[in-house]
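Chain by chain, the residues:
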Amino acid sequence: MPKNLISIQDLTKDEILHILDVAREFEANREQDFLAGKVVACLFFEPSTRTRLSFESAVNRLGARVIGFPDNRNTSQTKGETLEDTIRIVSNYVDMIVMRHPVAGAAATAASVASVPVVNAGDGANQHPTQTLLDLYAIRKTQGRLEGLDIDMVGDLKYGRAVHSLVEALRYFSPRFTFTSPEELDMPKKYLDMLDRDGVPYTRTGRIEDGLDSCDILYMTRVQQERFPDKEEYDKVKDVYRLTASMLGGVRPNMKIMHPLPRVNEIATDVDSTPYAYYFQQAGGGMYVRMAIIACLLGYR
Ligand code: CP
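As the structure is a prediction and not an experimental result, all values here were calculated from the model. (Residues numbered from 1 in each chain as written. Predicted model: local features only at pLDDT ≥ 70, side-chain atom pairs only at ≥ 80, totals over all residues. Heavy atoms only, no water.)

## Looking at the environment of R176
- Relative to the elements of secondary structure, R176 occurs in strand β6 (residues 176-180).
- Classification of R176 by relative accessible area gives partly exposed; the value is 36%.
- The spatial distance from the C-alpha of R176 to the C-alpha of A245 is 25 Å, given a sequence separation of 69 residues.
- In this structure R176 touches G148, L149, D150, I151 and P201, once residues within four positions along its chain are discounted. (Helix = DSSP H or I, 4+ residues; strand = E, 2+ residues; numbered from the N terminus. Buried < 20%, exposed > 50% of the residue type's maximum accessible area, 1.4 Å probe, protein only. Contact = heavy atoms within 4.5 Å.)

## As for the side chain of T178
- Here T178 shows up in strand β6.
- The contact partners of T178, leaving out residues within four places of it in the chain, are I151, D152, M153, T203, T205 and G211.

## Structural notes on the side chain of S7
- In this fold, S7 is placed in the segment before α1 (13-28).
- A distance of 3.0 Å separates a polar side-chain atom of S7 from the backbone nitrogen of Q9.
- Here S7 is in contact with Q127, P129 and E168, once residues within four sequence places are set aside. (Polar contact = N/O pair within 3.5 Å; in protein donor to acceptor, adjacent residues only side chain to side chain.)

## What to know about the sheet that holds β6
- In spatial order, the strands read β7-β6-β5-β8-β9; together these five strands make up an open sheet with parallel pairing. In the strand order of this sheet, the two ends are held by β7 (202-205) and β9 (256-258), each with one partner. Each strand axis lies, on average, 20° off the axis of its neighbour in the sheet, ignoring direction.
- As paired elements, strand β5 (residues 150-154) and β6 share five bridges and run parallel to each other. (Pairing = 2+ DSSP bridges. Axes fitted to C-alpha atoms, helices over the stretch in contact; angles between N-to-C directions.)

## Focus on the site of the ligand
- Close contacts around the ligand come from S48, T49, R50, T51, R100, H128, Q131, P260 and L261, and that covers them all.
- Residue S48 places a side-chain N or O atom 2.6 Å away from an oxygen atom belonging to the ligand.
- Residue R100 places a side-chain N or O atom 2.9 Å away from an oxygen atom belonging to the ligand. (Near = heavy atom within 4 Å.)

## Observations regarding helix α5 (residues 129-143)
- With 15 residues, α5 should cover 21 Å at 1.5 Å per step; its first-to-last C-alpha distance of 21 Å lies within 8% of that length.
- With 13 of its 15 residues buried, α5 lies for the most part within the structure.
- Positioned one or two residues after α5, G144 has a phi angle of 80°, which is positive. (Expected span 1.5 Å × (residues − 1).)

## Some thoughts on the packing of α1 against helix α10 (residues 279-297)
- The contact between α1 and α10 brings their axes to 8 Å, and the two run at 120°. As summarised for this structure, α1 and α10 are arranged oblique, according to the angle between their axes. The two elements α1 and α10 cross, and the hand of that crossing is right-handed. Each of H18, I19, V22, A23, F26 and E27 in α1 lies in contact with α10, whose residues at this interface are Y288, V289, M291, A292, I293, A295 and C296.
- In the contact of α1 with α10, the residues fall into 11 nonpolar, one polar and one charged. (Parallel < 35°, antiparallel > 145°, perpendicular 65-115°, else oblique. Left-handed = near helix turned anticlockwise from the far one by under 90°. Nonpolar A, V, L, I, M, F, W, Y, C, P; charged D, E, K, R; others polar.)

## Description of the pattern of salt bridges
- Within this structure, the stated rule accounts for 23 salt bridges.
- Of the charged contacts, one joins R227 and E46 as a salt bridge, the two residues approaching to 3.0 Å between their closest N and O atoms. Residue R227 is found in the loop between β8 (217-220) and α9 (231-237), and its partner E46 is found in the loop between β1 (39-44) and α2 (50-61); the two are separated by 181 residues along the sequence.
- Under the relative-accessibility criterion, R227 is labelled buried at 14%.
- In this structure, R88 and D85 form a salt bridge, with 2.7 Å as the shortest nitrogen-oxygen distance. Of this pair, R88 and D85 are both found in helix α3 (residues 83-91), three residues apart, which corresponds to roughly one turn of the helix.
- Residue D85 is classed as partly exposed on the basis of its relative accessible area, which comes to 34%.
- A single salt-bridge network, built from bridges that share partners, covers D150, R176, D216 and R252. (Salt bridge = Lys/Arg side-chain N within 4 Å of Asp/Glu carboxyl O.)

See below:
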């Protein structure tokens, strides 16, 4: 295992599969004491519900303790302390740092000065590798495999860090992608170039109807208001897609709808009671996956 988890590319395919297997083991038995006596810092410089609370719960269930903050308003960063100095100091107190930050690249910066492992819990529009691992866990659980699936990613593919990490991870598993977005929110060129280099097939469309009936996983995303430099630009695209139960008549029987959450308007609540909705279970699995990430990076098998 690598020391840090900053990008999903820090993990080999075998390491990804190992973490998913350990997560399954922890789901079967969630009371563990592997980390008794350890302390983990959860430093969140940007809002979070799922990631922070599932990490904190994961730390507790592994027998360790948590310190940290849900925002940085009460830290010495308000007095001008740099991120690097904050991380150097926290490194003295803990065995691992889990960090979310609004700036792309902040997790790599933290890892470059930390004396303990750093886990990226989301850095700007860049990467969200622990979300990707829980997404893979959900995909494998619902489809029985990761190989050879049709994956339709819908919405904000430009700013959505979850889809960036997920595309990078899924290319190990021979996927076929549909990227559904308005032009303004296209998947960044660097990810398309990566897929071209690897020979991974993908199509691009602006119409949600185009990929709906021919995918195994419909990965919906929120338009990331907080990443837009201009509110007017956000208003133009904020409601571009809205999935409703009435649109699901022709989908594959095994199709599951996933979403990193939070949702805003892009999935109507009448979808929640269909057999295709899986986003709440997906988030639930995140705790076991984060237990596995912490444990594996700290030496568990
Ligand atoms: N999916 C996700 O990262 O959710 P939170 O922002 O609530 O952590």
